[in-house]
Amino acid sequence: SRFTVEGTTVLAGATEVSSGGLLVTGDLTVTGGFFLDGDVDLTGTLTVGAPGDGHDLRVYGADAGSYVRWNSGSNLLEVAGDTELADVTVAGAATVVGPAALSGGASVA
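The rules behind these values
Residues numbered from 1 in each chain as written. Predicted model: local features only at pLDDT ≥ 70, side-chain atom pairs only at ≥ 80, totals over all residues. Heavy atoms only, no water. Patch = residues over 30% accessible without salt bridge, like charges linked within 9 Å, V, L, I, M, F, W, Y side chains within 5 Å. Areas by Shrake-Rupley, 256 points an atom, 1.4 Å probe, with all protein chains shown as cover. Salt bridge = Lys/Arg side-chain N within 4 Å of Asp/Glu carboxyl O. Helix = DSSP H or I, 4+ residues; strand = E, 2+ residues; numbered from the N terminus. Pairing = 2+ DSSP bridges. Axes fitted to C-alpha atoms, helices over the stretch in contact; angles between N-to-C directions. Buried < 20%, exposed > 50% of the residue type's maximum accessible area, 1.4 Å probe, protein only. Contact = heavy atoms within 4.5 Å. Phe/Tyr/Trp six-rings, centres within 6.5 Å; stacked < 30°, edge-to-face > 60°. Lys NZ or Arg CZ within 6 Å of the ring centre and 35° of its normal.

Caption draft 1: Structural view of a nonpolar patch on the surface. Taken together, the side chains of L42, L46, V48, L57, V59, V68, W70, L77, V79, L85, V88 and V90 make up a nonpolar region of the molecular surface, amounting to roughly 1,100 Å² of accessible area. Secondary-structure elements contributing two or more residues to the nonpolar patch are β3 (57–60), β4 (67–71) and β5 (76–80). Relative to the helices and strands, L42 is located in the loop between β2 (22–25) and β3.

Structure, rendered in structure tokens:
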């Protein structure tokens, strides 16, 4: 069966939903941390923070030490590990730390 939430519902303490999933109609507000184990499908826009109130975001790769991180404190996009970037456009200043190889129609001005 599916656990369905409509309107305002408060779940206090440890709450586990399994066997069919969770359907939320309307807004879902989570106060505190939460953990998702398994695949998550998202249709629409994922917004992290708000203008002037950003948050860090990290996405891990399959290899140890590989990740992409948005550091909101320094407005810096970090790409760690051996990474290939394709079709990248940077508007404004960019800094590359460490070795870099440019190929194809790449140029540095």
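Back to the text.
Caption draft 2: Highlighting the sheet that holds β3. An order of β3-β4-β5 is seen for the three strands of this open sheet, with the pairing classed as antiparallel. Every interior strand has two partners, whereas the edge strands, β3 and β5, have only one. If you compare each strand with its neighbour and ignore which way they point, the axes differ by 10° on average. Of the pairings in the sheet, the one linking β4 to β5 comprises five bridges and is antiparallel in character. Across the sheet, R69 pairs through a bridge with E78, a residue of β5.

Caption draft 3: Quick peek at the side chain of S66. Relative to the helices and strands, S66 resides in the loop between β3 and β4. On the basis of relative accessible area, S66 is assigned to the buried category, the value being 12%. Excluding residues within four positions of it along the chain, S66 makes contact with Y60, G61, A80, G81 and D82.

Caption draft 4: View of the packing of aromatic side chains. For the structure on display, the rule yields one aromatic pair. Above the ring of Y67, the side-chain terminus of R58 is found at 4.3 Å from the ring centroid.

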